[in-house]
Amino acid sequence: MSVITVERIKLFSTRSPWWCMIVAAVLTVGFAALTTGFLKGDEERQATIFITQPGAQLSQMVMMVMAALAVTTEYRFGTIRTSFQAVPQRAALLLGKTAVVAFLSGIIGLIASFGAWGVGSLFASNADLAIKTGAEWRLLAGQGLVFAISAVFAVAVGILIRQSAGAIAILILWPLLVENLVNLIPKIGDDLARWAPFANGSSFLNQGQDFGLAGANAGGSQYALTPWWALLYFLGWAVALMAVALFSASKRDA
């Protein structure tokens, strides 16, 4: 039985991943219903695809929590020792776990984004929400890539921290608080903020969008990189953090 098959069975043997997946999908779709369900007249006609995705970041956080728990739960209950005994190559085991969680997160990202777009199209029937441009396809289909890379981040943090509460706190505070506080640093804050990893993940999704009712500055100001380079930069952070985590796992006791 392959490592990936084993990790898939382990992941789905508990309830928390199922709940995280359901909550992540419902959040994005539910917020899309809220933002489009009460639009009337000119507001409805001016709505764009961007306005159907306000819950995507929260859903991303939920899937990151799920990814971290996939690792920290094993450390908490000591089952990681049994796993390492069965697969002495720790990097192979942890990469298999990462692959399963990242793939699942990517699928949920796609379901959530296109589900939200479908619900938005239903509620805002007078708006032109047809997918016409590459930027609009990137906003919807790109959620899968961003969710998957975020899951890699989360697994790496889980390997390094090994404790659920600490890992979850870092994963929530990093994109939602820390990257925004960087802007407060005098003189260099704005420049540093544009190079933050999660900011570039959002940059990949938001560049070129028609923000419609959300306003011209909804996606942030002055992107550091073009969309696909921003995604590669985001991926680079995830890969680097995972490399550090794998090195740490190989040197530390289970």
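Note that the structure is a prediction, hence the values are computed from the model and not measured.

## Section: the overall build of the protein chain
In step 1: Across its full length, the protein chain holds 11 helices and 0 strands.
In step 2: At 19 Å, the protein chain has a C-alpha radius of gyration in line with the 18 Å of a compact globule built from 254 residues.
In step 3: The principal-axis extent of the C-alpha atoms belonging to the protein chain is close to 65 × 45 × 30 Å.
In step 4: For the protein chain, the accessible area works out to roughly 12,500 Å², and carbon and sulfur atoms hold 67% of it.
In step 5: Counting 16 positive and 12 negative side-chain charges, the protein chain places the averaged centre of each group 15 Å from the other.

## A few points about the UniProt feature "transmembrane region" (unreviewed entry) in the protein chain
In step 1: UniProt tags residues 18-38, 58-77, 98-119, 139-161, 168-185 and 228-249 as "transmembrane region" (unreviewed entry).
In step 2: Within residues 58-77, the helical portion is 100% and the strand portion 0%, while the C-alpha atoms at the span's ends are 28 Å from each other.
In step 3: Structurally, residues 139-161 is divided into 100% helix and 0% strand, and its ends, taken at the C-alpha atoms, are 32 Å apart.

## Let's talk about the packing of aromatic side chains
In step 1: Throughout the structure, instances matching the rule amount to 11 aromatic pairs.
In step 2: Ring geometry for Phe153 versus Trp174: centroids 5.4 Å apart, planes at 80 degrees, classification edge-to-face. In this pair, Phe153 is assigned in helix α7 (residues 134-161) and Trp174 in helix α8 (residues 164-181), connecting sequence segments 21 residues apart. Judged on exposure class, the residue Phe153 and its partner Trp174 are both buried.
In step 3: With centroids separated by 4.9 Å and ring planes inclined at 65 degrees, the aromatic side chains of Phe204 and Trp228 adopt a geometry described as edge-to-face. A residue pair is termed long-range when its members are at least 10 positions apart, and Phe204 in helix α10 (residues 197-206) and Trp228 in helix α11 (residues 227-251) qualify at 24 residues.
In step 4: Here Trp228 falls in the exposed class, since its relative accessible area comes to 52%.
In step 5: Members of the aromatic cluster, joined through ring pairs, are Phe153, Trp174, Phe198, Phe234 and Trp237.
In step 6: Arg138 extends its terminal NZ or CZ atom over the ring of Phe204, reaching a point 5.9 Å from the ring centre.

## Description of α7
In step 1: Counted at 1.5 Å a residue, the expected span for α7 with its 28 residues is 40 Å, and the 39 Å between its end C-alpha atoms agrees.
In step 2: Of all bends in α7, the biggest is about 45 degrees, found at Gly142.
In step 3: Of the residues one or two after α7, Arg162 is the one with positive phi, at around 70 degrees.

## Digging into unusual backbone geometry
In step 1: Despite not being glycine, Arg162 shows a phi value in the positive range, around 70 degrees.
In step 2: Summarising the element assignment, Arg162 is placed in the loop between α7 and α8.
In step 3: Taking the relative accessible area as the measure of exposure, Arg162 reaches 16% and is therefore buried.
In step 4: Backbone geometry places Lys187, a non-glycine residue, at a positive phi of 70 degrees.
In step 5: By the secondary structure assignment, Lys187 is in the loop between α8 and α9 (189-194).

## Section: the pattern of salt bridges
In step 1: Scanning the entire structure with this criterion turns up 7 salt bridges.
In step 2: Where Asp191 meets Arg194, a salt bridge forms, and the shortest distance between an N and an O atom there is 2.3 Å. Placement of both Asp191 and Arg194 in helix α9 is noted, with a separation of 3 residues, approximately one turn of the helix.
In step 3: When its relative accessible area of 22% is taken as the criterion, Arg194 is described as partly exposed.
In step 4: Ionic contacts of the salt-bridge type, sharing partners, join the residues Glu7, Lys10, Glu74 and Lys97 into one network.

## Some remarks on the packing of helix α4 (residues 56-77) against helix α5 (residues 79-86)
In step 1: Two elements in contact, α4 and α5, have axes separated by 5 Å at closest approach and are oriented at 100 degrees. Relative to α5, the element α4 lies roughly perpendicular. Across from Glu74, Tyr75 and Phe77 in α4, the residues of α5 making contact are Thr79, Ile80, Ser83 and Phe84.
In step 2: Here the residues of the contact of α4 with α5 sort into 4 nonpolar, 2 polar and 1 charged.

So, how was this worked out
- Each chain has its residues counted from 1, following the order in which its sequence is written.
- Restriction of local features to residues with pLDDT of at least 70 applies here, the model being predicted, together with a cutoff of 80 or more for giving and counting side-chain atom pairs; totals for whole chains, interfaces and linings are based on all residues.
- To obtain the side-chain values, all non-hydrogen atoms of the structure were included, while hydrogens and water were left out.
- Labels follow the DSSP assignment, with helices taken as runs of H or I lasting at least four residues and strands as runs of E lasting at least two, numbered in each case from the N terminus.
- Based on C-alpha atoms, the radius of gyration is set beside the globule rule, defined as 2.2 Å times the residue count to the power 0.38.
- All accessibility values rest on the Shrake-Rupley procedure with a 1.4 Å probe; residue burial counts only the protein chains present in the view.
- By the counting scheme adopted, Arg and Lys are positive, Glu and Asp are negative, and His together with the chain ends is not counted.
- Here the site of a charge means atom NZ of a Lys, CZ of an Arg, CG of an Asp or CD of a Glu.
- UniProt positions are given in the numbering used here, feature names are shortened, and annotations may be inferred rather than shown by experiment.
- Aromatic rings from Phe, Tyr and Trp, with only the six-membered ring used for Trp, were paired whenever their centres fell within 6.5 Å, and each pair was classed as stacked if the ring planes differed by under 30 degrees, edge-to-face if by over 60, and tilted otherwise.
- Residue exposure (1.4 Å probe, protein chains only): buried if accessible area is under 20% of the type maximum, exposed if over 50%, otherwise partly exposed.
- Lysine and arginine charges are scored as sitting over a ring when NZ or CZ, respectively, is within 6 Å of the ring centre and within 35 degrees of the ring normal.
- By this rule, a helix spans an expected 1.5 Å times one less than how many residues it contains.
- Two axes are fitted around each residue, one to the seven residues ending there and one to the seven starting there, and the angle between them is reported as the bend at that residue.
- In the sections that follow, a salt bridge refers to a side-chain nitrogen of Lys or Arg positioned within 4 Å of a carboxyl oxygen of Asp or Glu.
- An axis is simply a line fitted to the C-alpha atoms; with a helix, the fit covers only the stretch in contact. Between two such axes, the angle follows the N-to-C directions and lies from 0 to 180 degrees.
- Our angle categories are set so that under 35 degrees counts as roughly parallel, over 145 as roughly antiparallel, 65 to 115 as roughly perpendicular, and the remainder as oblique.
- Any two residues whose heavy atoms approach within 4.5 Å at even a single point are treated as in contact.
- Any residue outside Ala, Val, Leu, Ile, Met, Phe, Trp, Tyr, Cys, Pro, Asp, Glu, Lys and Arg is labelled polar, Gly included; the first ten of those are nonpolar and the last four are charged.

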